[in-house]
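Residues per chain are reported as follows:
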Amino acid sequence: MSAKTRRLALLEVVDLPVVEASGVAVRQTERGAVVLVIGDRTSEVGVCVVGPGGRLDDWTTIDLAELPGWPPASGDSQFEAIAADGGSLVAVMREDPPVVLVADTGTREFRAEIRLTAPAGSVIDGQWDDASSRGEGLVFLRGGRLLVAQEKRPRALIEFGPVGAEPKGLSSDHFLGPGEAWDAPSGRVDFVPLSMWKLKSAAKKALRDISAIGTDTEGNLWLLSDKSQRVGRLGLDDPLDAGDHEVRDLDEILDLPTGAEKPEGIAAIGDGRVLVVLDTPATSGHGMIVTRPV
């Protein structure tokens, strides 16, 4: 059931090492959390270990384009999202063409190019054709699957997996745990849609688009909306079955702080703190650490 809307409290404005930040993820390791952020113009990934009190002030940068085999960018790279496992894998998603590029930052290898396809007769057949309305959010799932958020027309969550995989739906048990590696493919492969859940009813009314998704250590899925300037929390105590086709209600709806211009990424960094990144040309102050209001 949808809750009354409240406004997130702004704790701190932070600088990020990329411009036009379009995606953020948290790598949950057994030694703590690591934030990874990417912009939509280059292949550079900013990396920062979350310090005491949630501090983010010691960034390093990895240029994925320097890895052997990394595909060359053609014009606008259009990176819209980033995901990371508990080991050394990182994945970035392009909207057009709809692909996910996977790299191992530990061994400094390019691992896979995953093409997100929409075969005839699939659950997204005819709904994946608009180049401006494809993947905007990305989360690793157990079993070598991906959870992708489609921005609009329709606003939806999509379970993607290898050709021939069985749909498993979505529950908190499907999110990776601390230190857990994702079962990545190798080379050029096609992933197909296994399940799709469109926002409907109160959830659709609350979020006019889906700009990003992220998880927290409590097993919640967070949905960010640029157009609505809001985030929604989807608790998964009742899993989304593969046979379901809708998300009708959100467990919590929270407005973003005033001044959250073009929010494009969301990630829980621990202790109730959430990092929202802004897709602006600024080189400072384009990250907002927020928390639930008291």
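Note that the structure is predicted; figures quoted are calculated from it, not measured. (Residues numbered from 1 in each chain as written. Predicted model: local features only at pLDDT ≥ 70, side-chain atom pairs only at ≥ 80, totals over all residues. Heavy atoms only, no water.)

Asks: In this structure, what is going on with the environment of Trp222? I would like to understand it.
Replies: With respect to the helices and strands, the residue Trp222 is situated in strand β16 (residues 221-225). Residue classification places Trp222 among the buried residues on the basis of a relative accessible area of 8%. Considered as a pair, Trp222 and Ile82 are 140 residues apart in the sequence and their alpha carbons are 15 Å apart. Leaving out residues up to four positions away in the same chain, Trp222 has contacts with Ala212, Ile213, Gly214, Thr215, Asp216, Val231, Gly232, Arg233, Glu252, Leu254, Ile266 and Arg292. Looking at Trp222, its side chain comes within polar contact range of the side chain of Asp216, at 2.8 Å. (Helix = DSSP H or I, 4+ residues; strand = E, 2+ residues; numbered from the N terminus. Buried < 20%, exposed > 50% of the residue type's maximum accessible area, 1.4 Å probe, protein only. Contact = heavy atoms within 4.5 Å. Polar contact = N/O pair within 3.5 Å; in protein donor to acceptor, adjacent residues only side chain to side chain.)

Asks: What should I look at first to understand the nonpolar core in this one?
Replies: Here is a general trend for soluble globular proteins: nonpolar side chains tend to be buried in one another's company. Ranked by internal contacts, the top residues of the largest apolar core, which has 24 residues, are Ile114, Leu116 and Leu146. Listed by contribution, the elements that provide at least two residues to this core are β7 (79-84), β8 (89-94), β9 (99-104), β10 (109-116), β11 (135-141), β12 (145-150), β13 (156-162) and β14 (187-199). Among residues more than four places away in sequence, those in contact with Leu116 are Met93, Pro98, Val100, Trp128, Leu146, Val148, Phe160 and Phe191. (Core = buried A, V, L, I, M, F, W, Y, C linked by side-chain atoms within 4.5 Å.)

Asks: Which parts of the structure should I look at to understand the environment of Ile82?
Replies: Along the chain, Ile82 turns up in strand β7. Along the chain, Ile82 and Gln127 lie 45 residues apart, while their C-alpha atoms are 23 Å from each other. Look past the residues within four positions of Ile82 in its chain and what remains in contact with it is Gly23, Val24, Ala25, Leu36, Ile38, Val45, Val90, Ala91, Val92 and Leu138.

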